[in-house]
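Tertiary structure, described
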Amino acid sequence: MMDHATSVPVCVFLLLLPSSLVALDNRDFKHDFEYHHEGSGERFRVKGHGRLADIVIVDDIPQITKILCEGNVVLIATTDVTISATWRPSQVIVGGPDWGCSSEVDGRVQHGLYRKIKSVNQGKRTVEIMTENAGLYDSFETAQLHVHHTPGNWSSREERENDIKSRQKREASSDSDVGSRLWPLLLSYGDESLFTIPFNYDTSKDKEVLQFSVSSQGVEIKAGGFTAGFAPQHDAKKTWELGCTSCYAFFRAGFTMELNIGPDNTRFLLQLSGEFKFNTDVGLSWSRERNLGNKTFTLAKKELKIPSIPILYFPNPLVPTMELGIDLLAELLVQVGAKVEGKMLATAGFDYNKKLTVTFKKENNGPFTMFTGLTDEPWTGHTPTFSMQAKFSANAALVPKITLTPTISFGWKVRFVGSNLYLFSLNFGAPVAFSLNAGITFEVAYDSAQRTFCLDLYHQGDIAIEANKVTSDIVVFGETVASSNILKYKKKLSISLWPRTSFTCTALVKCCVVACVGLPKLPQLSMDQTVGAMKKKITRADVDFQSLKQMKGTDVLFVAEEKTASYCGVPSRKCKDCTRGVIGWTTDDKCADRMMTGDLLEKLEVLSKFVRITWPKRKLRVEEAWDEPTSAYQNGRHGASSVHYEGRAADLTVTSEMTADQLKNTPKDAPASDKSSTIMVRLAQLARCSDLPFVDQKSDYVEVAVKKSATSPVKRTRFDRQIKRATDIQLGYCVSISKLQLGKSNPSTGTPEFVCGEINDRITRYDPQAFLRLYQYPFNDVEFENKRRNDAWCGATSRECIDCRTKIQGESAYDRCADRMMTPRLAYRVRRLGSLVTQKWVDRKLKVIGAWDEPTSSSTNQWGSYGAQSLHYEGRAAQVSLTGSSPNSLMGDLSQLAVCAGFDYVRYTTNNYIDVFVQQESHTKGIVVPFLKANLLAVDPPPHSINYGYPENLRTELFKTLLFDGSHRSQLKLSDNFVLGEFKHPEARYLRLDDKLVACLQNIRTALGKSLKIVKGSAYRPRSENIVDIDERHPEEIDRFQSGQAAEIQMATGTSGPKEITNLGQEAMKQCASMLSVTRRGLGIGIHADRLYIDIRPNTIAEQALYIRVWNTVNNSTNASAMDDLLVTKDQLERGGPEINPVDPEAACEEPVLGKENYHINIPMSNARSDCASETSSDFCKQTQTYRETVLERIKKHFQKKTGDKVVRSSTFVSALTTCLKDACGHCLGSGPTWEKKVKSCVKMLNYHRTSGAWNNITEKMSFFNLDSPKSSVRALACKDYVCLEKTDLYGLFARILSEKYRPAKNSSVEELVYGPGDNPLPIMDLAEQTFAISASGIARVFIEKDSDVSALWKVLKILFVYNKEIADVEFHLTADVNKNKLVETIQRKSEVWAGTGCPKWSRAAITPFKMVEISKGRLKRALPEHESIPRSFQHHLHQWELDWIHKT
């Protein structure tokens, strides 16, 4: 049993005591009730004694007329103040709710008076009492209460009832008041279900109620049950399924409560104890690769209530009973999760009993503490089965959860004014949930050394107990416990059903199975066609016989050479018996069947491992290998021609089952072969899994063969060229490098594993996929010590050791020499170091003591001669020294040269040698990828792992990201604001990463000027993490996490709502799209509720420079709005001109003079003229006051007629109109406060007019031309088929305003303009034209009559090209007089300037696209010669008022 305490708030007991003890003669209480039945084990006891406190009851004092409570002060109005003569500090004063007082009792505010007296002051008619909070313990002077119940095991309910009734009658005379109430309660406890909490459990049948399955389709209840248990099978409709044929649990509970109150000590304890019983039988099926995070399903809920137990009882009716109540909620949950790399089927089960106690305790003013106890009862495992095609880890768990709510009720009866007695009592308890999680975990891992899948099946569980918080904080006896302190307590169980290292396999389940996934087909060609025909028969006398290898050891059994033959090989040689091992190494002693090529020996060694794994009591048996003539077969057993005669073929069987002694000590005669068809079929499969190129299953044996061994090194064309040039390094490069001191390293900090990355997996020569990545050093410029050349065996007990000191012995895996094996990166640097050594010391060479390592007969451990995690086992480390005499003194010099040669880590280890190490590198490529702030070296994915592979759906793309080793490099800066760890998944060592993704995110971060974060785990995801809930993701967001081309981003601070998401998306388009277009790549953007998905993808539209794809993952109006905004930006960028990206963002985005809402308005505004600094009204303004008022009223009436009362009634509009036309009067143009007021009010009036919807129906038909040209030939074209500004009512209205005149002298006929350019310039036409431009949408048509029109229209064009986000295209209509090429050049030049000076906060994403349309002469002729809405006499004045004013002044 194991106890553990955790501070957790559990129960809150609120006791309000508003009644009087004045009338009680005795405040003492004592009772002791016990029922115990030895036969069943049931025990029930209630025991208590103590004394209640002396309490002032205001309800029972008739002299009191009114009570006022204010904070800690209680003011009592009374007809007789002497009633308080006996009141004293520490007494509790109690009153009912009718007095209007509230009190805080143990942290909870309740209606009623319940306070502790601190002082009493008598007045003439009032008593003032200073008080403080009263709590639970203040109700007692002393108290000791104990309640306990242990349910019994009654076989008969009737027997129990009779026993209780008999005891009740017998003890009636001695029963306490509590006892008289407990006997009837005890009878009701005869229902066993009160204390047996079921979870899918039928108590009468002792089995499950329901059978069920949960799957990717949800929960399915099997009403009729499974016909023959749940047989897992692959279902195309279900990605995964868990079936439960017998899953149930129950908890048989008892309880204990103790409450002790004394003058110096208080203590409360509540304990729930009982027995859990579990049974689980499950089947799992996964139909395809998926990573399913733990999912929880609720199967059933049941509420239970234990009847309240009286634990304190007074016969006096003024004092109520204290009662204990317990409410329970029982839930049955099922949890399932898995990481599966392929199809999988498995079944398993277990059952057990567990005794559990949960204790909650509080002493004095200390916190609530919680303890748990759990007995380790034996577990019973049910026989498991499994089959799979890939690695998987899966778990299934049954989780019974109990939510316990204990309550204590204790109160006093009080007087209800003018009514009957009112029970003033409260119950309160804090719910506590605890669950016992019991599950099965299947783990199947790939063992690269054994090339097998091995099952690791075990049971695990935990107990989780937590207080459910009612509010943000929980109040416990007046103490506030912060939510952060509410901790979940877990007790881990890791009790294996079978030992995890070497459990016994049964016929139904194998501990390990050979990794035979995707078996090659049986041969369609003959042996000679597959592996090449025999060239000549090798005899013992041939020199080629010496190239054959003799298999050593007894892992593979061989039969004795032709027992019935009189000779073997030649008549003079007797046949040998090599059953028990190699006889000798002379040509005569070598046993024929043990002779074979190195390639065949290597493959048979792998096959023998597979045989032992598949059949632990059997061994591989070689019937024939190399063949030679015998007396029985004078030309050999295999006819005239067979590759057996070259040692490239073998005939194989498997022995019958062997005893343990036979397995350990090979018998003299090899055990007989088991030639059954099932054995032969499986042996052929295992042979194919061993990479044997030819496998042919015969009726009673399996024939295998290999191709002729390679005689030349494996070609690595690029690396071969590189390593030849490695000797070009010059000794002079090393002068500036310091020598290392003994025990020091370069770099000076960190370990080799930290700097170069830990070992990923130990490479063995029997794993060709990994072993062939290593490079066998072929040159003689370096000496190899090869100190294990004389060991009994190397690599495996069947393989002899090789002497490779002077040269390599071959290129087959068998022939390769361990000390010459290393990664290409290490080999390149060894060659450089060798060159430096010979340059420095003409009489010395570099000596390699050891590089890649493997176990030998003299190894210090099962892996080799280095530590278990040494980089030597991946060929990334070497121990080097120098040849010649007394090299020890030169190790410091050698360390200097090693650093110069480029090793990633150099350590001056001892005076005998130095250690050198290198990082992982992508095979022989040596590709370095430059990021903004660092370079990363590409590496190859770990052998046999699909986890870091490239997504299948993206493999045809031209650009593919490379893999990098992120080990210990999380803080490496890739850009100004992002480190490698932000892109690497926390569960992965390696990562793929697109340098353009880093650059894109950095550009966004720089542009925003705010901190940006990558959602944790949302950038690169290895395959196992990328398939988590992959079916629930948007189709566009499936693969690019795995390729390192996607990430999810948020603002680092504050919320990432729709506005922030939109801003992020727009910046992503602006900052990344053009950068990516250079490499013909595009951008993907996905909108989420609180984040933005970004990826880098190919540009699939050849004719489009920019490629952006946008989608929405959340269907709601808020996200739809963000989607719309991003689509507009996307369209602008893809179809438009240059991106708007200011050279000086600060200057470009200065606050506009007219405010952010009028960012598009361009009008002269300054304070340069001194004569405009004052707002003093001129004589002109005074003379025209009444005229301006008349104009204002006339304009109001016009608006009322055209738009109704709505506009005229708007105070905003009227105020702006009044200031624009009447109040702001002055002669200054472009300067001074009057001009500023005039401009701002006119703009406000125009904006109101625009937003009121007056132009809504014409925005897509708007056209523009040079209004400054009085006799424009394009006016008719612009205003007939489309809507020009002149065609609007507003224009005509403003024209009349500007034409208004007055007579300066009443008797004179001379008239002057009210809004003349010299006396009172009005900017309304200029502003109207710009407002008209910002209102346009769709295609904006601009008519150009002559080249100079572009300059006249520059304000309009800037709005259309830069600020108006609703414009799709600007369409220029040109007359024959316009130079089209010059116009295009002008627009492009202006666009570039505007793109570099516009502010992205208010502008479009990119300059609006434009096109040119030439106006034919016929079209121009057909247009009306005149299209006037205003008099010609006004046209000159209309747009030349600034010039006129300048002339006048």
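Criteria and cut-off values
- Residues numbered from 1 in each chain as written.
- Predicted model: local features only at pLDDT ≥ 70, side-chain atom pairs only at ≥ 80, totals over all residues.
- Heavy atoms only, no water.
- Helix = DSSP H or I, 4+ residues; strand = E, 2+ residues; numbered from the N terminus.
- Buried < 20%, exposed > 50% of the residue type's maximum accessible area, 1.4 Å probe, protein only.
- Contact = heavy atoms within 4.5 Å.
- 1 Å grid on protein atoms, 1.4 Å probe; cavity = no way out; pocket = protein on both sides within 12 Å on 5 of 7 lines; lining within 4 Å.
- Points joined across faces, edges and corners; volume = space filled by probe spheres on them.
- Nonpolar A, V, L, I, M, F, W, Y, C, P; charged D, E, K, R; others polar.
- Salt bridge = Lys/Arg side-chain N within 4 Å of Asp/Glu carboxyl O.
- Core = buried A, V, L, I, M, F, W, Y, C linked by side-chain atoms within 4.5 Å.
- pLDDT = per-residue confidence, 0-100.
- Disulfide = S-S within 2.5 Å.
- Axes fitted to C-alpha atoms, helices over the stretch in contact; angles between N-to-C directions.
- Parallel < 35°, antiparallel > 145°, perpendicular 65-115°, else oblique.
- Left-handed = near helix turned anticlockwise from the far one by under 90°.
- Phe/Tyr/Trp six-rings, centres within 6.5 Å; stacked < 30°, edge-to-face > 60°.
- Pairing = 2+ DSSP bridges.
- Patch = residues over 30% accessible without salt bridge, like charges linked within 9 Å, V, L, I, M, F, W, Y side chains within 5 Å.
- Areas by Shrake-Rupley, 256 points an atom, 1.4 Å probe, with all protein chains shown as cover.
- Lys, Arg positive; Asp, Glu negative; His and termini not counted.
- Charge placed at Lys NZ, Arg CZ, Asp CG, Glu CD.
- Polar contact = N/O pair within 3.5 Å; in protein donor to acceptor, adjacent residues only side chain to side chain.

**Structural notes on the overall build of the protein chain**
The helix and strand inventory of the protein chain stands at 29 helices and 66 strands. Across the 1449 residues of the protein chain, 54% fall into the buried class. Taking all contacts inside the protein chain whose residues are at least 6 apart in sequence as the whole, residues at least 24 apart take part in 75%.

**Digging into empty space enclosed by the protein**
Taken as a whole and judged by the stated rule, the model has 6 cavities of 30 Å³ or more. Put simply, the largest cavity is a space of about 320 Å³. What lines the largest cavity is a set of 23 residues, among which Ile763, Arg773, Thr823, Glu874 and Gln920 lie closest to the centre. A class-by-class count of the residues in the lining of the largest cavity yields 8 nonpolar, 6 polar and 9 charged.

**Here we look at the side chain of His1160**
Within the secondary structure, His1160 is located in the loop between α16 (1145–1148) and α17 (1179–1183). With sequence-adjacent residues up to four places away left out, His1160 is seen in contact with Gln1330, Ile1334, Ile1359 and Tyr1363.

**Observations concerning the pattern of salt bridges**
Any two side chains of opposite charge can pair, so long as their charged atoms come close to each other. In the structure shown here, the tally under the stated rule is 61 salt bridges. Between Asp904 and Arg825 there is a salt bridge; the shortest N-O distance is 3.0 Å. Here Asp904, found in the loop between α11 (891–901) and β50 (905–907), pairs with Arg825, found in helix α10 (residues 824–840); they are 79 residues apart in sequence, far enough to count as distant. Under the relative-accessibility criterion, Asp904 is labelled buried at 14%. Connected via shared salt-bridge partners are Arg540, Arg573, Lys576, Asp588, Asp589 and Glu628.

**With respect to the nonpolar core**
Of all hydrophobic cores here, the largest spans 82 residues; its most connected members are Phe1264 and Phe1372. When sequence neighbours within four positions are dropped, the list of residues in contact with Phe1264 reads Phe1332, Ala1333, Ala1336, Ala1340, Arg1341, Val1342, Phe1343, Val1356 and Leu1360. With 71 residues, the next largest nonpolar core counts Phe29, Leu145, Val282 and Val358 among its residues.

**A closer look at helix α23 (residues 1289–1299)**
Of all 11 residues making up α23, 8 are buried, and the element is well covered by its neighbours. Every buried residue of α23 is listed here: Leu1290, Tyr1291, Gly1292, Leu1293, Phe1294, Ala1295, Ile1297 and Leu1298.

**Brief notes about the confidence of the model for the protein chain**
Averaged over every residue, the pLDDT of the protein chain is 80; the share at 70 or more is 82%. Within the model, pLDDT remains below 50 along residues 1–25, and this stretch shows 113 contacts once partners closer than five positions in the same chain are excluded. Across residues 415–429 the pLDDT falls below 50, and counting only partners more than four positions away or on other chains, this stretch makes 46 contacts in the model.

**As for the state of the cysteines**
Going through the model one piece at a time under the given rule, you end up with 13 disulfides. A disulfide bridge connects Cys734 with Cys900, and the sulfur atoms are separated by 2.1 Å. Handedness here is read from the sign of the S-S torsion; for Cys734 and Cys900, about -75 degrees, the answer is left-handed. Highlighted residues: Cys734 in the loop between α7 (717–724) and β44 (745–746) and Cys900 in helix α11, separated in sequence by 166 residues. Taking the relative accessible area as the measure of exposure, Cys900 reaches 11% and is therefore buried. For Cys804, the disulfide goes to Cys817, at an S-S distance of 1.8 Å.

**Some words on the packing of helix α4 (residues 598–614) against helix α6 (residues 677–689)**
As a packed pair, α4 and α6 sit with axes 9 Å apart at the nearest point and diverge in direction by 135 degrees. In terms of orientation, α4 and α6 fall into the oblique class. Crossing angle aside, the handedness with which α4 passes α6 is right-handed. On α6, the residues touching Leu607, Phe610, Val611 and Thr614 of α4 are Arg682, Leu683, Leu686, Ala687 and Cys689.

**Points about the packing of aromatic side chains**
Here the structure, examined in full by the defined rule, presents 27 aromatic pairs. Considering the side-chain rings of Tyr1159 and Trp1402, the 6.4 Å spacing of their centres and the 10 degrees angle between planes classify their relative orientation as stacked. Placement of the pair is Tyr1159 in the loop between α16 and α17 and Trp1402 in the loop between α27 (1380–1397) and β66 (1410–1414), with a sequence separation of 243 residues. Ring centres 5.6 Å apart and planes at 75 degrees place the aromatic pair Phe1180 and Tyr1302 in the edge-to-face group.

**A few points about the sheet that holds strand β11 (residues 126–133)**
Here we have 6 strands laid out as an open sheet, ordered β4-β7-β10-β11-β6-β5, and mixed in their pairing. The strands lining the two open edges of the sheet, one partner per strand, are β4 (55–57) and β5 (64–70). Neighbour-to-neighbour, the strand axes of this sheet turn through a mean angle of 35 degrees, independent of strand direction. Two elements, β4 and strand β7 (residues 92–95), share 3 bridges in a ladder whose sense is parallel. Pairing of Ile57 across the sheet is with Val94, part of β7.

**Observations regarding a positive patch on the surface**
Taken together, the side chains of Lys1010, Lys1059, Lys1156 and Lys1401 make up a positively charged region of the molecular surface. Looking at where Lys1010 falls in the secondary structure, it is placed in the loop between α12 (995–1008) and β56 (1012–1014).

**Focus on the environment of Asp995**
Residue placement: Asp995 occurs in helix α12. Along the primary structure Asp995 and Leu936 are separated by 59 residues, whereas in three dimensions their C-alpha atoms are 10.0 Å apart. A distance of 3.5 Å separates the side chain of Asp995 from the side chain of Lys996, its partner in a polar contact.

**Comments concerning the layout of surface pockets**
Its boundaries defined by the atoms lining it, the second largest pocket holds a volume of some 1200 Å³. Lining the second largest pocket are 42 residues, and of these Asn1063, Gln1066, Glu1067, Pro1400 and Lys1401 sit closest to its centre. For the lining of the second largest pocket, the elements supplying multiple residues, two or more each, are α12, α14 (1058–1077), α15 (1117–1135) and α16. Considering every element that reaches the lining of the second largest pocket, the biggest residue donor is α14, with 10 residues.

**Details of the sheet that holds strand β55 (residues 990–992)**
Strand order across the open sheet formed by 4 strands is β52-β53-β54-β55, with antiparallel pairing between neighbours. Of all the strands in the sheet, just β52 (928–930) and β55 have a single pairing partner and so form its edges. The sheet shows a mean angle of 45 degrees between the axes of neighbouring strands, direction not considered. Inspection of the sheet shows β52 paired to strand β53 (residues 935–939) by 3 bridges, in the antiparallel sense. Bridging across to β53, Pro930 finds its partner in Asn935.

**A look at the environment of Gln91**
Its place among the elements puts Gln91 in the loop between β6 (73–78) and β7. Along the sequence, Gln91 and Lys118 sit 27 residues apart, while their C-alpha atoms lie 8.3 Å from each other. For Gln91, the contacting residues outside a window of four places in its chain are Asp54, Val56, Thr86, Arg115, Lys116 and Ile117.

**Brief notes about unusual backbone geometry**
In terms of backbone geometry, most residues other than glycine have negative phi values and most peptide bonds are trans. Asn746 connects to Pro747 through a cis peptide bond whose omega is 0 degrees. Here Pro747 lies in the loop between β44 and α8 (752–756).

**A word on a nonpolar patch on the surface**
On the surface, a cluster of nonpolar side chains totalling about 310 Å² of accessible area is made up of Val209, Leu210, Val219 and Ile221. Inspection of the secondary structure puts Val209 in the loop between β15 (207–208) and β16 (211–215).

**Overview of the side chain of Gln896**
Residue placement: Gln896 occurs in helix α11. Residue Gln896 is classed as buried on the basis of its relative accessible area, which comes to 10%. Within the local environment of Gln896, its side chain forms a polar contact with the backbone oxygen of Cys734, the two atoms lying 3.2 Å apart. Dropping the residues within four chain positions of it, Gln896 is found in contact with Cys734, Val735, Ile737, Ser738 and Lys739.

**A word on the pairing of strand β49 (residues 877–882)**
The buried count for β49 comes to 6 of 6 residues, which makes it a mostly enclosed element. Alternating residues of β49 divide into Ala877, Gln879 and Ser881 and Ala878, Val880 and Leu882, and every residue in both groups is buried. Taken together, the 4 bridges between strand β48 (residues 846–850) and β49 define a ladder with antiparallel strand orientation. Of the residues in β49, the one forming a bridge with Val848 is Val880. Pairing geometry for β49 and strand β51 (residues 914–917), over 4 bridges, is antiparallel.

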